[in-house]
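A structural walkthrough
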Amino acid sequence: MGTSMRSWMAILIMVWLTLVQGVFVAVDATFDYKDALTKSLIFLEAQRSGKLPPNHRPQWRGDSGLDDGKLANVDLAGGYYDAGDNVKYGLPMAFTVTTLAWSALAYHKELHATGELPHVRSAIKWGTDYFLKASSRKNRLYVQVGDPVLDHQCWVRPENMRTPRTVLKIDENDPGTEIAAETSAAMAASSIVFRHTNRTYSRRLLNKAKLLFEFAKTHKKTFDGECPFYCSYSGYNDELLWAATWLYKATNKPVYFKYIKEEATSAAVAEFSWDLKYAGAQVLLSKVRITLSLSLSLSLSEDGNYFHLVSFQLYFEGVKDLESYKKDADSFICSVLPDSPYHQVYISPGGMINLRDGANTQYVTSTAFLFSVYSDILAKHGQKVQCGNQEFDSTRLMAFAKQQIDYLLGSNPEKRSYMVGFGQNPPVQAHHRGASVPVMSTNTIVNCGTSFANWFNKDAPNPHELTGAFVGGPDRFDNFVDKRWDSSKTEPCTYVNSISVGVLAKLATPGRV
């Protein structure tokens, strides 16, 4: 009887360990994270526009959009298609590059150990090369190529598209603070990535980042040209803080620290996404140990002499000026963790973060990344996050980050992977024009009227595997239907993958988790 009772108690304990407030949590799930990392980067290659290089891995893709920008007499070939269509949107593209650069910086050693660092740098440069073209003139930035309405009326590969390649721009007469600031952040972060491998290129990126930030800060206005597809619901203050933070990290200049301290706006949030950047900036600023090099020039007007007080060094450990950002970063953690008394974010019965239907996996990977980065900060400084009367250490944060990634890779009630070409029963009908339409001659003219009947509505696997793409994912009840026409569940996006790269690299490195 005693042995039987102990057995039952052991079973009950195991059940309790897999349940947190009614949420299913997979225990000790292990996946081939290195394979997932490699494939995640292959997907970004599949999203490339322009003249593809000889080492391009998705063989079913070809050159496309070579005349982009021609309508405005500018070269805008290159860059990325954001998702399953053939439009190049500036805001999500810039966020894709910024988060990819952050992954390269935060997990440089891990990416090097996995052999994927060159692919990450290549993916970043594909975006920044495009941004340099798009921002070739001061106070002007091209922010979109393609007519989304007409594009969405034709189901065709980018190699065969004949829809108008309309060009949108922002300038002093029609500014767009969000897009200018996000592009500034992308270039500033990327400049750090290339600092030790291509100093000339790094300086070009940084100089452009400075100009774009000044443009964004001086000409404040929301640009609605990318609506209704990428509307800035959060306003532009988060992008300004985000850009200033990356510029401070890239330059160590007091002017950007001053902006962060005196002019920037922050807010406690429970989301990190292409539209809402506060949490990302707050985590970055929580790590900052500030070294300010102040060069003060004092002019004596009476005799015209100048005294230069150069290299006046101020070093602060745990600066009080940034305390509010640390508190907001902690608030983000407390709002997300299901066992926090301040928990706000909905967690599905299977344990997945769910903020919105439609590309919800973006919130899963972005949250996992921030939790992973913040866990490293806490571990390095021996700190914990205080949520009311509860404390959470770095181990708890990383466990939650791993759980979210594991859910996407197969540890979920459906027992299936949500990454194309990876794991058990992965999606085969990704909502993606290039992957779902057979290769044909570039001279072939596709009838848009019949294109949906021919390929979009065809209930069969895509002819091309969109390797590595995280699709939109299941609904808030963990239900998933792998149908091309259900775009909320099956459409991939570049920024879902870009921000997964860092945490996948960490999980793929022995001894890091």
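Source: prediction; values computed, not measured.

**Quick word on the state of the cysteines**
Going through the model one piece at a time under the given rule, you end up with 3 disulfides. The disulfide bridge from Cys154 ends at Cys448, spanning 2.0 Å between sulfur atoms. Around the S-S axis, the bridge from Cys154 to Cys448 shows a dihedral of about -80 degrees and counts as left-handed. Taken together, the residues span a long stretch of sequence, with Cys154 in the loop between α6 (148-151) and β5 (167-171) and Cys448 in helix α16 (residues 448-456) at a distance of 294 residues. A sulfur-sulfur separation of 2.1 Å characterises the disulfide bridge that pairs Cys227 with Cys231. Judged by relative accessible area, Cys227 falls into the partly exposed class, the value being 29%. The cystine pairing of the protein chain, numbering bonded cysteines in sequence order, is 1-6, 2-3, 4-5.

**Brief notes about the UniProt feature "active site" (unreviewed entry) in the protein chain**
Within this numbering scheme, the UniProt entry marks His431 as carrying the feature "active site" (unreviewed entry). Among the structural elements, His431 can be located in the loop between α14 (394-409) and α15 (433-436). Each residue touching His431, except ones within four places of it in the same chain, is listed here: Gly84, Trp155, Phe456, Arg484, Ser487, Thr490, Glu491 and Pro492.

**Details of the packing of aromatic side chains**
The geometry of an aromatic ring pair is captured by two quantities: the separation of the ring centres and the angle between the planes. A full pass over the atoms with the stated rule returns 25 aromatic pairs. Measuring from centroid to centroid gives 6.0 Å for Trp155 and Phe452, while their planes differ by 50 degrees, and the two rings are tilted. Residue Trp155 is found in the loop between α6 and β5, and its partner Phe452 is found in helix α16; the two are separated by 297 residues along the sequence. The exposure class of Trp155 is buried, given its relative accessible area of 1%.

**With respect to unusual backbone geometry**
Note the cis peptide between Cys227 and Pro228, where omega equals 5 degrees. By the secondary structure assignment, Pro228 is in the loop between α8 (199-218) and α9 (237-251). One non-glycine residue, Ala359, lies in the positive phi region at around 55 degrees. By relative accessible area, Ala359 is classed as buried at 12%. Even without glycine at this site, Asp478 takes up a positive phi of about 75 degrees. Structurally, the position occupied by Asp478 is in the loop between α16 and α17 (487-490).

**Focus: the side chain of Glu45**
Following the sequence through the fold, Glu45 ends up in helix α2 (residues 33-46). According to the relative accessible area criterion, Glu45 is buried, its value standing at 7%. Here Arg57 takes part through its side chain, which lies 2.7 Å from a polar atom of the side chain of Glu45. The contact partners of Glu45, leaving out residues within four places of it in the chain, are Asn55, His56, Arg57, Pro58 and His119.

Conventions and cut-offs
Residues numbered from 1 in each chain as written. Predicted model: local features only at pLDDT ≥ 70, side-chain atom pairs only at ≥ 80, totals over all residues. Heavy atoms only, no water. Disulfide = S-S within 2.5 Å. Helix = DSSP H or I, 4+ residues; strand = E, 2+ residues; numbered from the N terminus. Buried < 20%, exposed > 50% of the residue type's maximum accessible area, 1.4 Å probe, protein only. UniProt positions renumbered as here; feature names shortened; annotations may be inferred. Contact = heavy atoms within 4.5 Å. Phe/Tyr/Trp six-rings, centres within 6.5 Å; stacked < 30°, edge-to-face > 60°. Polar contact = N/O pair within 3.5 Å; in protein donor to acceptor, adjacent residues only side chain to side chain.

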